[in-house]
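Okay, here's what each chain looks like letter by letter:
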Amino acid sequence: MERKIFLGILTATLIALAAAILLPGGRTVEENPRLPWDLRLDSQGNLSVFGIVLGKSNLGEARQSFQSQGKASLFLTPENRYMVEVYFQRIYISGLKADVVLNLELTEKQAKEMFERGERISKLGDDTRKVELSSSDMERLAQEKIAFITYIPAADLDEALIASRFGDPEQKIKETESPTTHWLYPAKGLDIAVNPEGKEVFQYINPANFDQVLKPLQN
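Every chain's residues receive numbers from 1 upward, in the order its sequence appears when written. Thresholds applied to this predicted model are a pLDDT of at least 70 for local features of residues and 80 or more for the giving and counting of side-chain atom pairs; totals over whole chains, interfaces and linings are not thresholded and use all residues. Side-chain measures were taken over the full set of non-hydrogen atoms in the model, leaving aside hydrogen atoms and water.

1. A closer look at the overall build of the chain
We count a stretch as a helix when DSSP gives it H or I for four or more residues in a row; a strand needs E for two or more, and each element gets its number in order from the N terminus. For the chain, the helix and strand inventory stands at six helices and 13 strands. Residue exposure (1.4 Å probe, protein chains only): buried if accessible area is under 20% of the type maximum, exposed if over 50%, otherwise partly exposed. Scored against the burial criterion, the 219 residues of the chain give a buried share of 44%.

2. A look at unusual backbone geometry
Peptide bonds are mostly trans, and most non-glycine residues show a negative phi. The phi dihedral of Ser 94 falls on the positive side, at around 50°, and the residue is not glycine. Within the fold, Ser 94 resides in the loop between strand S5 (82–93) and strand S6 (96–104). Phi at Asp 127 is positive, roughly 75°, even though this residue is not glycine.

3. Examining the packing of aromatic side chains
Only centres within 6.5 Å qualify two rings of Phe, Tyr or Trp (six-membered ring in Trp) as a pair; their planes then separate them into stacked at under 30 degrees, edge-to-face at over 60, and tilted for everything else. Scanning the entire structure with this criterion turns up eight aromatic pairs. Centre to centre, the rings of Phe 50 and Tyr 204 are 5.5 Å apart; their planes meet at 80°, and the pair counts as edge-to-face. Taken together, the residues span a long stretch of sequence, with Phe 50 in the loop between strand S2 (47–49) and strand S3 (52–53) and Tyr 204 in strand S13 (residues 201–205) at a distance of 154 residues. With a centroid separation of 5.8 Å and an interplanar angle of 65°, the aromatic rings of Tyr 82 and Phe 115 are classed as edge-to-face. Residue Tyr 82 is found in strand S5, and its partner Phe 115 is found in helix H3 (residues 108–116); the two are separated by 33 residues along the sequence. Linked through ring pairs, Phe 50, Tyr 151, Phe 166, Tyr 185, Phe 202 and Tyr 204 together constitute an aromatic cluster. For a ring to carry a charge above it, either NZ of a lysine or CZ of an arginine must fall within 6 Å of the ring centroid while also lying within 35 degrees of the normal to the ring plane. The ring of Trp 37 is capped by Arg 165, whose NZ or CZ atom sits 4.4 Å from the centre of that ring. Sitting above the plane of the Trp 183 ring, Lys 172 keeps its charged end 4.3 Å from the centroid.

4. A look at the pattern of salt bridges
We count a salt bridge whenever a side-chain nitrogen from Lys or Arg sits within 4 Å of a carboxyl oxygen from Asp or Glu. The tally for this structure, following the rule as stated, stands at six salt bridges. With a closest N to O distance of 3.0 Å, Asp 42 and Lys 56 form a salt bridge. Here Asp 42, found in the loop between strand S1 (40–41) and S2, pairs with Lys 56, found in the loop between S3 and helix H2 (59–66); they are 14 residues apart in sequence, far enough to count as distant. Note that Arg 120 is salt-bridged to Glu 132, the shortest N-O span being 3.7 Å. Highlighted residues: Arg 120 in strand S7 (residues 120–123) and Glu 132 in strand S8 (residues 129–132), separated in sequence by 12 residues. Residue Arg 120 is classed as exposed on the basis of its relative accessible area of 57%. Through salt bridges that share partners, Arg 117, Asp 137 and Arg 140 make up one connected network.

Quick look at the structure:
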C-alpha cells in the first residue's frame, strides 16, 4: 500500500488546521469532526477513531459513517492466513481526503468457508490468493466487527506536523529495505509509517493487540 495535506506558503500546522476545518468547496465540517489524531480508549481498552470503535463497530456502521460501500476482498497468504479487507478509495472524513482499509474480525472457519464459496480467485505477485466474495457473503460482512484500520492521507505529512499532532513516539523502528521509519505509540494503538519519499500510512489497532504490529517490525 502507498502512503499529502498540501503544504503551501503557510506553516504546516496552519495548513493542517485549515484542512481539518474546511470541506472541499469551503463548507465547514460536522460539529464533532473525526480526525486522525482524535484517539480515545473506552473502559475495556477499545480504541475509538473516525467514529469507529475497534472490536465493537461493524462494517455496516462504518459504511454509513463513510457514506461509501467500499470494496471487500478476501485474501489467503502463502502462510495460509486469511484476511478480509474493505477498501475505501479517496473518501473524505471531516474534510480530509484519504484511502482507508478496514480489516474485519472473522474466525478462520468463517474465512475459509467464504473463500471456498468465492466466485473468482486470482493470484498476486507474492503468491497471495485473492477471492471475489459471493453476493451472499458480501451481505454477511456488514455485521462483522472491525479489527484494525489502515489510513493513508492523500498527501505527505512532515515529521514536525506529525509530532505536533500525535506527540513523540514511544519507539521508532526503521525498515531495513526502505526509507520508512515506524513511529510507534503502543499505549494509543497507533503505528505511523513515516516515509520521506512518499505517503505516510497510519495503522490503528487496540493496544492489547499491538504485538501484531510490533513483532513483524522486530524480525
